[in-house]
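# Observations on the three-dimensional arrangement
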Amino acid sequence: MSKKNKKKKNTGPPQALIRLSQCMIVKNEEKNIEKALRWAKKVAFEQIVVDTGSTDSTVEIAERMGAKVFSFEWIDDFSAAKNFAIEQASGNWIAFLDADEYFSETDAKKLIIFLKRIQNDPQMRANYHALNTALVNLDSAGNIASRIDQERVFRNLPTMRYRGRIHEQLSVKPENIVLVDEIEIIHTGYTEEVFAETGKIERNIKILREDLAGSPSDINIKAYLADSLKKSTDEKERDEACVLFNEVIANGSDALPDLLKKAYIHLLNRAMQAGDVKRCKELCQQAMTAIPNDPDLENIYKGL
């Protein structure tokens, strides 16, 4: 009696294994650290927290929640601290959010689904090294203050490191970035009150002044410095921000688009506060030429 051949069920290629490492650098984030870690509990296989000198209960809370906590001596260099965190990660993908940022539970699930899609598609797997998602800045009332696009989820590769002491950028080629419209990061630390409370304004101004001293003609450093100075409580520093922003728009072709828009928006607000309608219209027309089809600028112009 012959034995029947048992056919194995064809289940297709094995599904990709996503090992997501959540990474962050922190200092005195006891108000945010629990929420910052909670969103990734169900999707990350490890959570890495690099502390740069907390004096509150940040470290204790992170350890209690099961995170791997490391210490890093702060040297006024965000890239150095972030790259140290990356070096502790053992996952094949990294999600690098700050302590005041998070994915919603729904978007965290979407993230894993999208990463599996990349891993299971040979062409996508070969080409895509980083995800570009929206980062939504909320104001103190919980309303959307602004939106920008950033690469915060990326492959754990030796080449994927941050550069720049402040306003650091991930080293990834544009052709290796995939735009993911359906996922967004929520950022709650955008308000001036939070900046003042945490001392971020003074810290950022210090680092940016040092960078500008080394590269006095770098228009983007001037723009970043102006963006920090405009939040200062010192009137002279706020006036300095206007001077720098005027330099930015005078050299618009050399400025990053987001920074150029910030320059125009700030100068427009100052002109509005002064009741200078003529200047507002001139600035707005100039801005719409430099940054065409921008809905925010078009709405401002309509309201003048």
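What comes next is a walk through the structure. (Residues numbered from 1 in each chain as written. Predicted model: local features only at pLDDT ≥ 70, side-chain atom pairs only at ≥ 80, totals over all residues. Heavy atoms only, no water.)

## Looking at the overall build of the protein chain
Using the following cut-off: Numbering of helices and strands runs from the N terminus, with a helix taken as a DSSP run of H or I at least four residues long and a strand as a DSSP run of E at least two residues long. Only protein chains enter the accessibility calculation, which uses a 1.4 Å probe; a residue is then buried when its area is under 20% of its type maximum, exposed when over 50%, and partly exposed in between. What makes two residues a contact is simply this: any of their non-hydrogen atoms within 4.5 Å. Note on areas: these come from Shrake-Rupley sampling with a 1.4 Å probe, and a residue is covered only by the protein chains present in the view.
Looking only at helices and strands, the protein chain has 12 helices and 10 strands in total. When its C-alpha atoms are laid out on the principal axes, the protein chain stretches across 100 × 45 × 40 Å. Counting the 304 residues in the protein chain, one finds 45% classified as buried. Restricting the contact set of the protein chain to residue pairs at least 6 apart, pairs at least 24 apart contribute 64%. A total of about 16,800 Å² of accessible surface is found on the protein chain, and carbon and sulfur atoms cover 49% of it.

## Considerations on the packing of helix H10 (residues 257-273) against helix H12 (residues 295-303)
Our working rule: The angle between two axes is taken between their N-to-C directions and runs from 0 to 180 degrees, where each axis is a line fitted to C-alpha atoms and a helix contributes only its stretch in contact. When describing relative orientation, an angle under 35 degrees is termed roughly parallel and one over 145 degrees roughly antiparallel, while 65 to 115 degrees is termed roughly perpendicular and anything else oblique. The hand of a helix crossing depends on one turn: near helix anticlockwise from the far one by less than a right angle means left-handed, and clockwise means right-handed. Just so you know the grouping, Ala, Val, Leu, Ile, Met, Phe, Trp, Tyr, Cys and Pro go in nonpolar, Asp, Glu, Lys and Arg go in charged, and all remaining residues, Gly too, go in polar.
Remark: H10 packs on H12, axes separated minimally by 11 Å, with the N-to-C direction vectors making an angle of 20°. Classified by the angle between their axes, H10 and H12 sit roughly parallel to one another. The way H10 lies across H12 gives a crossing that is left-handed. Here Lys261, Ile265, Leu268 and Met272 of H10 come into contact with H12, specifically with Asp296, Leu297 and Ile300. The residue inventory of the contact of H10 with H12, partitioned by class, reads five nonpolar, no polar and two charged.

## Observations concerning the sheet that holds strand S1 (residues 20-26)
Condition: Paired strands, in this sense, are two strands between which DSSP finds at least two bridges.
Here we have eight strands laid out as an open sheet, ordered S3-S2-S1-S4-S7-S6-S10-S5, and mixed in their pairing. For this open sheet the edge positions go to strand S3 (68-71) and strand S5 (101-102), each flanked by a neighbour on one side alone. In the sheet, S1 pairs with strand S4 (residues 93-96) via four bridges, with the strands oriented parallel. Paired with Gln22 across the two strands is Ala95, which belongs to S4. Most of the contacts of helix H4 (residues 105-120) go to strand S10 (residues 177-187), to which it runs at about 160°, and overall it touches S1, S4, strand S6 (130-138), strand S7 (144-155) and S10.

## Points about the pattern of salt bridges
Basically, it comes down to this: For salt bridges, the criterion is a side-chain nitrogen of Lys or Arg within 4 Å of an Asp or Glu carboxyl oxygen.
The final tally for this structure, using the stated rule, is 22 salt bridges. The salt bridge partner of Lys230 is Asp227, with a shortest N-O separation of 2.8 Å. The exposure class of Lys230 is partly exposed, given its relative accessible area of 22%. You can call Asp227 buried: its relative accessible area is 7%. The network of salt bridges with common partners includes Asp76, Arg165, Lys206, Glu210 and Asp211.

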